Amino acid sequence: MRVHILGSGSEGNATVLESAQQRILIDAGFGVRNLAQRLKSVGIEPESISALIVTHEHQDHVRGAGAAARRWNLPVYATAGTLKSKPTGDVGRGTGESAMPVSVAIEPTAGRKKKRIVKHVVDTRTEVQLDDFTIRFIRAPHDAREPVSLIATVKSTGERVGIAYDIGHITERFISHFTEVDVLLVESNHDEAMLRTGPYPWSLKQRVAGPNGHLSNAECGLMAKACVHRGLRHLVLCHLSKVNNKPDMALRAMRSALKGTGFRGSLQAAPQDRALTLGGVAQMELAL
Ligand SMILES: [Zn+2]
Ligand SMILES: [Zn+2]
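Parameters and conventions
Residues numbered from 1 in each chain as written. Chains lettered and ligands numbered in written order. Predicted model: local features only at pLDDT ≥ 70, side-chain atom pairs only at ≥ 80, totals over all residues. pLDDT = per-residue confidence, 0-100. Contact = placed C-beta atoms within 7 Å. Buried ≥ 20, exposed ≤ 12 C-beta atoms within 10 Å, placed from the backbone. Helix = DSSP H or I, 4+ residues; strand = E, 2+ residues; numbered from the N terminus. Pairing = 2+ DSSP bridges. Right-handed = clockwise from strand over helix to strand, strands pointing away. Expected span 1.5 Å × (residues − 1). Arc of directions from axis to C-beta. Axes fitted to C-alpha atoms, helices over the stretch in contact; angles between N-to-C directions. Core = buried A, V, L, I, M, F, W, Y, C linked by C-beta atoms within 7 Å. Parallel < 35°, antiparallel > 145°, perpendicular 65-115°, else oblique. Left-handed = near helix turned anticlockwise from the far one by under 90°. Nonpolar A, V, L, I, M, F, W, Y, C, P; charged D, E, K, R; others polar.

A.B. asks: Mind laying out the confidence of the model for the protein, listing which residues take part and the relevant values?
C.D. replies: Do not read the predicted coordinates in detail wherever pLDDT is low. When pLDDT is averaged across the protein, the result is 91; 89% of the residues are at 70 or more. Taken as a whole, residues 281-288 scores under 50 in pLDDT and shows 4 contacts with residues more than four places along the chain or in a different chain.

A.B. asks: If you had to explain the pairing of strand β12 (residues 234-238) to someone new, which residues and values would you point to?
C.D. replies: Regular strands place their side chains on alternate faces of the sheet. Summarising burial for β12: 5 of the 5 residues are buried, a large majority. What you see with β12 is no split at all: His234, Val236 and Cys238 on one side and Leu235 and Leu237 on the other are buried throughout. In this sheet, β12 lies alongside strand β11 (residues 183-187) in parallel orientation, the contact comprising 5 bridges. Each residue of the ladder has a partner; that of Val186, found in β12, is Leu237. Here β12 runs beside strand β13 (residues 266-269); their pairing, made up of 4 bridges, is parallel. Residue pairing for β13: Leu237 is matched across the bridge by Ala269. Following the chain from β12 across helix α9 (residues 247-258) to the adjacent parallel β13, one finds a crossover that is right-handed.

A.B. asks: Outline α9, listing residues and values.
C.D. replies: Along its 12 residues, α9 runs 16 Å from first to last C-alpha, staying within 8% of the 16 Å computed at 1.5 Å per residue. For α9, the set of buried residues is Ala250, Ala253, Met254 and Ala257. Relative to the axis of α9, the buried residues are bounded by an arc of 95° and lie together on one face. Projecting away from the buried face of α9 at angles above 90 degrees are the exposed residues Asp248, Arg255 and Ser256. Here the buried face of α9 lies against α8 (217-227), β12 and β13.

A.B. asks: Account for the sheet that holds strand β10 (residues 160-164), naming residues and giving values.
C.D. replies: Consider a sheet: its strands pair through backbone hydrogen bonds, and that pairing is either parallel or antiparallel. Reading across the sheet, the 7 strands line up as β7-β8-β9-β10-β11-β12-β13 and stay open at both edges, with mixed pairing between neighbours. For this open sheet the edge positions go to β7 (128-129) and β13, each flanked by a neighbour on one side alone. In this fold α8 packs onto β11 and β12, with an angle of close to 160° to the strand it touches most, β11. Relative to the sheet, α9 contacts β12 and β13, its axis offset from that of β13 by approximately 150°.

A.B. asks: Mind laying out the nonpolar core, listing which residues take part and the relevant values?
C.D. replies: One finds Leu52, Leu184, Leu185, Val186 and Leu237 to be the most contacted residues of the largest nonpolar core, which totals 72 residues. The element that contributes the greatest number of residues to this core is strand β9 (residues 148-154), accounting for 5 residues. The residues touching Leu52, leaving out its near neighbours within four places in the chain, are Leu25, Ala28, Ala65, Ala68, Ala69, Leu74 and Val76.

A.B. asks: Outline the packing of α8 against α9, listing residues and values.
C.D. replies: Relative orientation of the contacting elements α8 and α9 amounts to 40°, with a least axis distance of 9 Å. In this view, α8 runs oblique relative to α9, as classed from their interaxial angle. In this structure, α8 meets α9 at a crossing whose hand is right-handed. Facing α8, whose interface residues are Asn217, Ala218, Cys220, Gly221, Leu222, Ala224 and Lys225, α9 presents Met249, Ala250, Ala253, Met254, Ala257 and Leu258. Here the contact of α8 with α9 is built from residues that sort into 10 nonpolar, 2 polar and 1 charged.

A.B. asks: Go over the sheet that holds strand β4 (residues 51-53), please, and point to the residues and values.
C.D. replies: Strand order in this open sheet of 7 strands is β6-β5-β4-β3-β2-β1-β14, and the pairing throughout is mixed. Every other strand in the sheet has two partners, leaving β6 (119-122) and β14 (276-278) as the edge strands with one partner each. Between one strand axis and the next, the sheet turns through 20° on average, direction left out of account. The pairing of strand β2 (residues 14-18) with strand β3 (residues 23-26) spans 4 bridges and is classified as antiparallel. Paired with Leu17 across the bridge in β3 is Ile24.

Here it is in structure tokens:
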């Protein structure tokens, strides 16, 4: 299995999960042209993707969803709340985001030439069965209508990927879902001191740090520490704030949180402006 994180942060999130038999896209938070370029940069033909899973309706997760689904014939899987919602700005993006045109939404706009998008409603009680992936959804505490985190299992190999970003706080119950994954993508949004002393208005600081906002580096460390096990091969810090965080700070906080846990996998921070591939040939050879 390979995981291509096409970019992560408040300006856009999208990840391709790739098994020997199937490729699926998790979130499409970049405009469709940008998304196509990022896919090209990791050697993926957009038409080879067979499904789009959307975690919630914030623009940094759905910006290109409608256009990508139509252009590449992707069925969309999302919760009823997400499918019903118009795209909104993510927590911490201020008000500018809401000015994005609704035509990029998952919901098709009126117009005879618009191709219909096949939509599948998912929930946290049932698993979604795709050709070579099983997807389990976990309700995420976040300022959206019905947001989810997820665990994807490759049917042919049993490999598991956990994706947990845009979560305001962690609970033992939430963490318990992510304790046996091979790859964990987890949010490390902000440094608490940088957020506190940074330029955001007070109300926005409260929302970002609040129970339905985003995980801080320290909270991310607690989550990762609780999830570490011998089989965890890749830990990737995602959704880093450009304003309230720095990759080296997030990585330092995580290294310190992982001390004494015996974690022996790779630790990286996902960039916003380019793709990051996990499980490539070189990394698989190293793992042997
Ligand atoms: Zn987001
Ligand atoms: Zn969000």
